[in-house]
Amino acid sequence: MLPAIGVPVEEVLADLERFRATDRDWRAGRVFGLVYDAGDEVRTLLERAVGMYLSENALNLDVFPSLRRMQRDVVEIASHLLHGDATVGGYLSSGGTESIFMAMKAARDQAFALGRTERPVVVLPTSAHPAFDKAAHYLGMRVVRTSVAPDLRADVDAMADALDTDTIMLVASAPTYPHGVVDPVPAIADLATSAGIALHVDACLGGFVLPFLERLGHPVPLWDFRVEGVTSISADLHKYGYAAKGASVTLYRDDDLRKHQLWQFDDWLGGRYTSATVVGSRPGAAIASAWAVLHHLGEDGYLRLVRQAKQATDRLVEGVASVPGLRVVVPPDTTLVAIAADEVDVFAVGDLLAEDGWVLDRQSPPDAIHATVTARHDAIVDEFVDALRAAVARVGDARGNREFSYCMAE
Ligand SMILES: *Cc1c(COP(=O)(O)O)cnc(C)c1O
């Protein structure tokens, strides 16, 4: 109930502290997902940048030209990292889901404008994120999911077989969330180009990782704007960009497609209304946090964080291989590790780990527990491998909780 008399600041804040004592303590590094923590200094920077832009609203950039400038800078930085040329443009959004939503809306509206179909279909591998199906549901589009190859990357022949005259867009992931593998983007791009349709690359996880892995000398297959036929890319600033939550970017290779992201309206009593994203009012804080962290970390900062995350991933992959009965589902191209078990129930292993505060997602098929590995985990990964080993040793024939869900809305 709304308090009849307002509660003093210190008491309200004490309540928040009390509430969050029941949350999982990601600061200790035992949460492998959801949180991307680049350390105390970055956190302080984000708190201050967010604090400065708490009230500013990116709904009207004429009123807040600083937000326009920062949005432009962030788009330019992302485009440069992903090898876009001067024609690449885009917008910030609230997250990966909204970035994907907007890329699908742009492709749909361009297809409508060209009179290509009235029943737009998007073809994507079954490893792609549910955000595409969610957006399709909202946008009146249809998704066709195709199988993946044995290496869990997109099966390009299956995608080709699924194509028909209603198909307006293909999707590739760089990397996929479940297994951290990069789809064969050049082959999918050839398919999109020969069909004359769009190709969106979902680099929500890889956008701020793969460019630096490549610079560090790791083998990274081509996936970005260097691949002719890639028409749009999404990349999440609030994941491996280490920005505050609420920041992602959608980039378009060409202006015509980009402009189809916009929505304009003037048939009401309030004048012309133009909006680039799903939401109306948009927090300036998210834009400021993204700008601040990109400039504070710089290329050397991201190289350091990506090196740490990759090192932690490699040690986790080796550690899993050293535990009898455990294996990684597939060696990841990036920093996500799916762990499966042959003789014990891997979800029961997950239950034991959870008792000690280790938080991993669960996924199926195949049954696996899933770690999103960040720089933060470099310091704790050996301890985690020990915890894995101990859990497998004592799990016996326990069956784990299969009633898992990514998130419970209520
Ligand atoms: C996280 C993620 C998304 C969705 O992003 P949100 O920020 O959670 O909305 C989309 N695709 C991939 C590959 C992701 O990992």
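What counts and how
Residues numbered from 1 in each chain as written. Predicted model: local features only at pLDDT ≥ 70, side-chain atom pairs only at ≥ 80, totals over all residues. Heavy atoms only, no water. Helix = DSSP H or I, 4+ residues; strand = E, 2+ residues; numbered from the N terminus. Contact = heavy atoms within 4.5 Å. Areas by Shrake-Rupley, 256 points an atom, 1.4 Å probe, with all protein chains shown as cover. Lys, Arg positive; Asp, Glu negative; His and termini not counted. Charge placed at Lys NZ, Arg CZ, Asp CG, Glu CD. Phe/Tyr/Trp six-rings, centres within 6.5 Å; stacked < 30°, edge-to-face > 60°. Buried < 20%, exposed > 50% of the residue type's maximum accessible area, 1.4 Å probe, protein only. Near = heavy atom within 4 Å. Polar contact = N/O pair within 3.5 Å; in protein donor to acceptor, adjacent residues only side chain to side chain. Nonpolar A, V, L, I, M, F, W, Y, C, P; charged D, E, K, R; others polar. Axes fitted to C-alpha atoms, helices over the stretch in contact; angles between N-to-C directions. Parallel < 35°, antiparallel > 145°, perpendicular 65-115°, else oblique. Left-handed = near helix turned anticlockwise from the far one by under 90°. Salt bridge = Lys/Arg side-chain N within 4 Å of Asp/Glu carboxyl O. Arc of directions from axis to C-beta. Pairing = 2+ DSSP bridges. Expected span 1.5 Å × (residues − 1).

**Here's the deal with the overall build of the protein chain**
- Helices and strands together make up the secondary structure of the protein chain, namely 12 helices and 13 strands.
- Structurally, the protein chain occupies a C-alpha span of about 65 × 65 × 45 Å along its principal axes.
- The long-range fraction of contacts in the protein chain, counting pairs at least 24 apart against all pairs at least 6 apart in sequence, stands at 71%.
- Surface exposure of the protein chain reaches about 19,300 Å², of which carbon and sulfur atoms provide 54%.
- Charge-centre separation for the protein chain: the mean point of 38 positive side chains lies 2 Å from the mean point of 57 negative side chains.

**Some thoughts on the packing of aromatic side chains**
- The final tally for this structure, using the stated rule, is 11 aromatic pairs.
- Centre to centre, the rings of phenylalanine 32 and tryptophan 358 are 6.2 Å apart; their planes meet at 25°, and the pair counts as stacked. Taken together, the residues span a long stretch of sequence, with phenylalanine 32 in the loop between helix H1 (9-20) and helix H2 (40-52) and tryptophan 358 in the loop between helix H11 (346-355) and strand S12 (361-363) at a distance of 326 residues. Just as phenylalanine 32 is buried, tryptophan 358 falls in that class too.
- Plain terms: the ring middles of tryptophan 358 and phenylalanine 384 are 5.0 Å apart, the flat faces sit at 50° to each other, and that makes the pair tilted. Here the residue tryptophan 358 occupies a position in the loop between H11 and S12, and phenylalanine 384 occupies one in helix H12 (residues 381-395), the gap between them amounting to 26 residues. The pair tryptophan 358 / phenylalanine 384 is uniform in exposure class, with both members buried.
- An aromatic cluster is defined as three or more aromatic residues linked by ring pairs; in this entry it consists of Trp263, Phe265, Trp268 and Tyr273.

**Focus on the site of the ligand**
- Close contacts around the ligand come from Gly95, Gly96, Thr97, Ile100, His129, Tyr177, Asp202, Cys204, Leu205, Asp236, His238 and Lys239, and that covers them all.
- Aspartate 202 has a polar side-chain atom sitting 2.6 Å from a nitrogen atom of the ligand.
- Considering the ligand on its own, with 380 Å² of exposed area, one finds that the protein chains cover 84% of that surface.
- The element that contributes the greatest number of residues to the shell around the ligand is helix H4 (residues 96-113), accounting for three residues.
- A breakdown of the residues in the shell around the ligand according to their chemical character gives four nonpolar, five polar and three charged.

**Some details on the packing of H11 against H12**
- Close contact between H11 and H12 brings their axes to 9 Å; oriented N to C, the two are set at 125°. Here H11 lies oblique to H12, going by the angle between them. Pair H11 / H12 crosses with right-handed handedness. Residues Ala348, Val349, Leu352, Leu353 and Glu355 of H11 pack against Phe384, Ala387, Leu388, Ala391, Val392, Arg394 and Val395 of H12.

**With respect to the side chain of aspartate 202**
- As for its position among the elements, aspartate 202 is in strand S5 (residues 198-202).
- One buried charged residue, aspartate 202, forms no salt bridge at all, with the nearest opposite charge on lysine 239 at 6.7 Å.
- A distance of 3.5 Å separates a polar atom in the side chain of aspartate 202 from a polar atom in the side chain of serine 234.

**Details of helix H5 (residues 131-139)**
- Among the residues making up H5, those that are buried are Ala131, Phe132, Ala135, Ala136 and Leu139. For H5, the angular spread of the buried residues around the axis is 135°, confining them to a single face. Seen from the open side of H5, the exposed residues pointing more than 90 degrees away from its buried face are His137 and Tyr138.
- Contacts from the buried residues of H5 go to H4, strand S2 (121-125), strand S3 (142-146), strand S4 (167-173) and S5.

**A short note on the sheet that holds strand S13 (residues 368-372)**
- Overall, antiparallel pairing links the four strands, which are arranged S10-S11-S13-S12 in an open sheet. With one partner strand each, in any of the chains shown, strand S10 (326-328) and S12 form the two edges of the open sheet. For this sheet, the mean inter-axis angle between neighbouring strands, taken without regard to orientation, is 35°.
- The sheet contact formed by S12 and S13 spans three bridges and is antiparallel. Paired with aspartate 361 across the strands is histidine 370, a residue of S13.

**Description of the sheet that holds S3**
- Strand order in the open sheet formed by seven strands is S1-S7-S6-S5-S4-S2-S3, and the pairing between neighbours is mixed. Edge positions in the sheet fall to strand S1 (89-93) and S3, since each has one partner strand and no second. Going from strand to strand, the sheet's axes swing by 20° on average, the running direction of each strand aside.
- Helix-sheet contacts for helix H3 (residues 65-81) involve S1 and strand S7 (248-252), and the interaxial angle to S1 is about 115°.

**Describing H3**
- With 17 residues, H3 ought to run about 24 Å at 1.5 Å a step, and its terminal C-alpha atoms sit 24 Å apart, in line with that.
- All of the buried residues along H3 are Leu67, Met70, Gln71, Asp73, Val74, Val75, Ala78, Ser79 and Leu81.
- For H3, the elements touching its buried residues are S1, helix H8 (210-215), S7 and helix H10 (284-321).
- Phi turns positive, to about 60°, at histidine 83, one or two residues after H3.

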